[in-house]
Amino acid sequence: MKQTAFLTKLLVFLLLISGASAFAAVKTEVKELICEYHTNPLGIDVQKPRLSWQIVSAEENVLQTAYEIRVTDQTAKGKLLWTSGKVNSAQSVNVTYEGPALKSRQLVAWQVRVWDNKNKVSAWSAPASWEMGILEPESWKASWIAIESEKEIKGSKPCQYFRKDFTAAKTIKSARVYVTSLGIYQLYLNGKKVSTDLFTPGWTSYKNRIQYQTYDVTSMLQAKNSIGAILGDGWYRGNIGWVSQNGYYGNTLALLAQLQINYTDGTTELIGTDQSWKVSNGPITESDIYNGETYDARKEMPGWASAGFDDSQWGKVAVIEHSKKILVAPQGDVVKAIEEIKPVKLITTPKGEKVFDMGQNMVGWVRLKVQGKKGDQVTLKFAEVLDKAGNFYTDNLRSAKCTDNFILNGSGLEIFEPHFTFHGFRFVKIEGLSGEPSPDQITGVVIHSDMKPTGSFTCSDPMINQLQHNIQWGQKGNFLDVPTDCPQRDERLGWTGDAQVFSMTAAFNYNVAPFYTKWMHDVAADQSADGKVPYVIPDVLKGAGGSTAWADAAIIVPWTTYLTYGDKRILEVQYPSMKGWVEYMRSRAGEDNIWTGDFHFGDWLAFATTRSDYPGATTEKDLIATAYYSYSSGLLAKIATITGQNEDAKKYALLSENIRKAFQKEFVTPAGRLVSHTQTAYSLALAFNLLPEDLIPKAAQFLADDVKKMGHLTTGFVGTPLLCKTLSEQGYEELAFMLLNRKDYPSWLYPVTQGATTIWERWDGQKPDGSFQDVGMNSFNHYAYGAIGEWLYRHVAGLDIDPEIPGYKHILLAPHPGGGLTHANAEFASLYGKVKSAWKLDGNDFVYEVAVPANTTATVTLPNAKAEQLTVNAQAMSASIKESLKQTAKGISLNIGSGNYQFRYPVK
């Protein structure tokens, strides 16, 4: 029985027993049920899944006061498995299942109802479900299979095709296939792809963790069947790392698949990979993530994944030994093709090249439609930019070929899409056509992890809106199963520093809880025994790591996830990893608590100048390392308190304070000046609370004076995320807005003036004269500097998190008009519902509109407002709002419950 069928039947049953009149009378509803951040997940291995729901009500000030969950076992004819009973609690996010231990392949349905502070009880929600995957290694009855013998070929090898025919002689109730590979796979059943998922099983720390996927294939089965799979090198065997190392994880591709068919008579049949399968090469003659794919349509095998195909010329498979103990169910978001775009124009370059301009620097590939003779080869090459003269430019791709080749079979109109590669590009050069290309020949296919969009920011300045667009597209292009630094050159690695500084901006733009949960497991898996965190995760640099600000992702990314989603479990699960990193720093620092002598990337790609009055913006790496040592130790102390590690909380709070004192002694003069007189140094010291109270104003003045003197930012990867935030917090908001609005190099808007559609790696990746920065490191899709997005959401629009009541359970709404903007609007889809913070200048009035979802509260701060001039929803304030109001010299603060509000008052 399909999940949709049993959920529908269960809902009808509940309607009958509850009474339709009761449903109609209730205004409070429960919707958007999710389990472990997913809707009706299939094949999970979390033993105690967490359940979340949203409350929808037309009334204001609605809070949940109690809930009840009930779970039924759909593998036991809907038998009640567990009920929470009525639980007096306001918690509606990440509520832990506390029922009996769950079993492999167990399918359950669950519902929830709530009581609110209006003395109402909701109807039972529509049922949702989750299904367990394979929980113990011995339940894997299938074997790992590989090609029996493979020709020695230098570089990329042909993809491998596996197949097997089988029959299903009885009436089928349900069927699931559990599948994974060494390499990346596409699975087929009866000639059709089983899923639209891409690059499965995903990129993990393969020596420690390999994901498997679970698919419902009930509707795809028939009496006579064929199951097949294509395997490509992917990250496992292909080129990876900028040294283009081949076969980092292994040299043998392998498939593991187990199809379980449940018949209506109660019997079960397993079809698994074993020696009876056949294997062959096919039309994909080369496929590599960096270099691209070659597809020879003359070698196509029509019907290869359908029953009855003649595979007599195919080879035998070999059963190989590989651990099944490291197999895990996915927790992240799988990569999918998310959208399609058409080229905006077709260019003939000065060199005569035929180039499509997609109008957007994107990640994925193009779908090609072409006609020609058998044996004709059409070549597609990919680039991010054109050079100064307008010609196709690929020098910044380094050794990555980024080339797709399609060899035609001459059958008429042919369509080509690659299988196991992706490119970062805006421009596509086409070669080998018999005639002139046309714009309708190609379609851009945009791929990334299938994250749910959550945030939007717009304002009155089109260039800042383009900046936000660039930030989001940079995230989309680089959140491809792991948070990569760039998507185009021979690198594309999970650099921890980039992910760390961008983590909060990422969490505004998309729901990244599943994405980060998956990635943090790999951080812990690849972390060395002494606590050192590698530079890149998954680690393909043979353990190189331990750099400050980079390795601190081990603490800061889980902390960001906790703040954004109220996710306590990620803190609990990652706690040993976080503690390990702090202890590693302790082992490397001296007895004086100053961390010196080790390699660090420092304030990567900070502004450099030849000005005689300003020698550059190089911040001492020991200062940065010691600052992060204190900051991360302090975060660990907070996390220890949250997770009940009380002795650790005391220990690390004391450690952080001792490092703070050491920092002051080593790097701060009595006048509040830092030994590194840079914007990054002051931003770190102020943002991380490393200075004595009496020196904070002086250090802030030094920071402000430097910004005024330079007239622009001088920060790199470490300082940039903190700069505007720190200036604003210290009362220099006009300088922060000046930096935001600046259009000359170096600035956030300079790339926008140059036509950028994503964030650049360097402030001057393309210079005003059209020439480029160092070809050895010049990505035009590199999200780190997009960390300014956090400040746009939290400060400019005023939509912020309360760290004491995280996950938007209590929301801080505090707009900051400035910088010549006349309006700004931020919206965020929290786990409770939509949060909105939108302000505008309307004549002489300041108008502020907010939305607060049910089961949350908010504190609103209105700048320069006076109580006697304030209206709420075009009326005088209600008694409850007035009671909470506090008038200060800077304006008004007040508390509100759920609902939609408009605040209006006059301003000068």
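Relevant structure appears above.
Parameters and conventions
Residues numbered from 1 in each chain as written. Predicted model: local features only at pLDDT ≥ 70, side-chain atom pairs only at ≥ 80, totals over all residues. Heavy atoms only, no water. Helix = DSSP H or I, 4+ residues; strand = E, 2+ residues; numbered from the N terminus. Rg over C-alpha atoms; globule rule 2.2 N^0.38 Å. Buried < 20%, exposed > 50% of the residue type's maximum accessible area, 1.4 Å probe, protein only. Disulfide = S-S within 2.5 Å. Polar contact = N/O pair within 3.5 Å; in protein donor to acceptor, adjacent residues only side chain to side chain. Contact = heavy atoms within 4.5 Å. Pairing = 2+ DSSP bridges. Patch = residues over 30% accessible without salt bridge, like charges linked within 9 Å, V, L, I, M, F, W, Y side chains within 5 Å. Areas by Shrake-Rupley, 256 points an atom, 1.4 Å probe, with all protein chains shown as cover. Salt bridge = Lys/Arg side-chain N within 4 Å of Asp/Glu carboxyl O. Lys, Arg positive; Asp, Glu negative; His and termini not counted. Charge placed at Lys NZ, Arg CZ, Asp CG, Glu CD. Axes fitted to C-alpha atoms, helices over the stretch in contact; angles between N-to-C directions. Expected span 1.5 Å × (residues − 1). Left-handed = near helix turned anticlockwise from the far one by under 90°. Phe/Tyr/Trp six-rings, centres within 6.5 Å; stacked < 30°, edge-to-face > 60°. Lys NZ or Arg CZ within 6 Å of the ring centre and 35° of its normal. Parallel < 35°, antiparallel > 145°, perpendicular 65-115°, else oblique.

(A) Broad picture of the overall build of the protein. Of the regular secondary structure elements, the protein holds 17 helices and 48 strands. Taken against the 2.2 N^0.38 rule, which gives 29 Å for 908 residues, the C-alpha radius of gyration of the protein at 29 Å falls within 12% of a compact globule. Overall size of the protein, expressed as C-alpha extent along the three principal axes, is 85 × 75 × 60 Å. Every one of the 908 residues in the protein was classed for burial, and the buried ones make up 62%.

(B) Highlighting the state of the cysteines. By the definition in use, this model includes zero disulfides. The structure places no disulfide on Cys-459, whose sulfur is separated from the nearest cysteine sulfur, that of Cys-724, by 13 Å. For Cys-459, a relative accessible area of 4% puts it in the buried group. In this structure Cys-724 comes out as buried when scored by relative accessible area, which is 1%.

(C) Quick look at the side chain of Arg-489. Along the chain, Arg-489 turns up in the loop between strand 38 (482-483) and helix 5 (496-509). Judged by relative accessible area, Arg-489 falls into the buried class, the value being 1%. For Arg-489, the side chain forms a polar contact with the side chain of Glu-761, separated by 2.8 Å. Apart from the residues within four sequence positions on either side, Arg-489 is in contact with Tyr-290, Asn-396, Leu-397, Arg-398, Ala-400, Glu-761, Met-777, Asn-778, Ser-779 and His-782.

(D) Main features of the pairing of strand 43 (residues 845-852). Across the eight residues that make up strand 43, a large majority, six, are buried. Between strand 42 (residues 833-842) and strand 43, which pair antiparallel and follow one another directly, the connecting turn spans two residues, one of which, Gly-843, has a positive phi of 65°. In this structure, strand 43 lies alongside strand 48 (residues 899-906), joined through eight bridges in antiparallel fashion. Its bridge partner lying in strand 48, Ala-851 is registered against Asn-900.

(E) Region of interest: a negative patch on the surface. A contiguous patch of negative charge on the surface is contributed by Glu-591, Asp-592, Glu-620 and Glu-666. With respect to the secondary-structure elements, Asp-592 resides in the loop between helix 8 (568-588) and helix 9 (621-642).

(F) Structural context of the sheet that holds strand 4 (residues 64-73). Overall, mixed pairing links the five strands, which are arranged 2-8-7-4-5 in an open sheet. Strands at the two margins of the open sheet, each flanked by one partner only, are strand 2 (42-44) and strand 5 (79-83). When strand polarity is set aside, the average angle formed by the axes of neighbouring strands in this sheet is 35°. In the sheet, strand 2 pairs with strand 8 (residues 128-132) via two bridges, with the strands oriented parallel. Pairing of Leu-42 across the sheet is with Glu-131, part of strand 8.

(G) Quick look at the sheet that holds strand 44 (residues 857-863). Across the sheet, which stays open at both edges, the five strands sit in the order 39-40-44-47-46 with mixed pairing between neighbours. Unpaired on one side and paired on the other, strand 39 (799-801) and strand 46 (886-888) mark the two borders of the sheet. Strand-to-strand twist in this sheet, taken as the mean axis angle between neighbours without regard to direction, amounts to 20°. For strand 44 and strand 47 (residues 891-896), the ladder comprises six bridges, and the chain directions are antiparallel. Within strand 47, the residue paired with Leu-862 across the bridge is Ile-892.

(H) Structural view of helix 6 (residues 513-526). Its 14 residues give helix 6 an end-to-end C-alpha distance of 20 Å, which sits within 8% of 20 Å, the value for a rise of 1.5 Å per residue. When you tally the buried positions in helix 6, you get 11 out of 14 residues, the bulk of the element. All of the buried residues in helix 6 are Ala-513, Pro-514, Phe-515, Tyr-516, Thr-517, Lys-518, Trp-519, Met-520, Asp-522, Val-523 and Asp-526.

(I) How the structure looks around the packing of helix 11 (residues 679-687) against helix 13 (residues 720-729). One can describe the packing of helix 11 onto helix 13 by two numbers: an axis separation of 9 Å at closest approach and a directional angle of 65°. For the pair helix 11 and helix 13, the crossing hand works out as left-handed. Together, Gln-679, Ser-683, Leu-684, Leu-686 and Ala-687 of helix 11 and Leu-722, Leu-723, Lys-725 and Thr-726 of helix 13 make up the contact between the two elements.

(J) Local environment of the pattern of salt bridges. This structure, assessed with the given rule, holds 43 salt bridges. Between Asp-648 and Lys-579 there is a salt bridge, with the nearest N and O atoms lying 3.1 Å from each other. Taken as a pair, Asp-648 in helix 10 (residues 646-667) and Lys-579 in helix 8 lie far apart in primary sequence, 69 residues in all. You can call Asp-648 buried: its relative accessible area is 11%. A salt bridge links Glu-583 to Arg-586; the shortest N-O distance between them is 3.1 Å. Separated by three residues within a single helix, Glu-583 and Arg-586 lie in helix 8, roughly one turn from each other. Judged by relative accessible area, Arg-586 falls into the partly exposed class, the value being 33%.

(K) Broad picture of the packing of aromatic side chains. Overall, the coordinates contain 58 aromatic pairs when judged by the stated rule. Taken together, a centroid distance of 5.6 Å and an interplanar angle of 85° make the contact between Trp-495 and Phe-601 edge-to-face. One end of the pair, Trp-495, is in the loop between strand 38 and helix 5; the other, Phe-601, is in the loop between helix 8 and helix 9, with 106 residues separating them in the sequence. Neither Trp-495 nor Phe-601 differs from the other in exposure class; each is buried. Relative to Phe-780, the ring of Trp-760 lies with its centre 5.3 Å away and its plane at 90°, an arrangement referred to as edge-to-face. Highlighted residues: Trp-760 in the loop between helix 15 (750-753) and helix 16 (788-797) and Phe-780 in the loop between helix 15 and helix 16, separated in sequence by 20 residues. These aromatic residues form a ring-pair network of at least three members: Tyr-393, Phe-607, Tyr-745, Tyr-750, Trp-760, Phe-772 and Phe-780. Lying across the ring of Phe-422, Arg-492 places its NZ or CZ 5.0 Å from the centre. Across from the ring centre of Phe-702, 5.9 Å away, lies the NZ or CZ of Arg-673, which sits over that ring.

(L) Quick peek at the packing of helix 7 (residues 553-565) against helix 8. Put simply, helix 7 and helix 8 touch, their axes get as near as 9 Å, and they point 160° apart. Between helix 7 and helix 8, the angle falls in the class roughly antiparallel. Taken as a pair, helix 7 and helix 8 cross one another with a handedness that is left-handed. Contacts between helix 7 and helix 8 involve Ala-554, Ile-555, Pro-558, Trp-559, Thr-561 and Tyr-562 from the former and Lys-568, Ile-570, Leu-571, Gln-574, Ser-577, Met-578, Trp-581 and Val-582 from the latter.

Without other data, these values stay purely geometric and don't point to any function.
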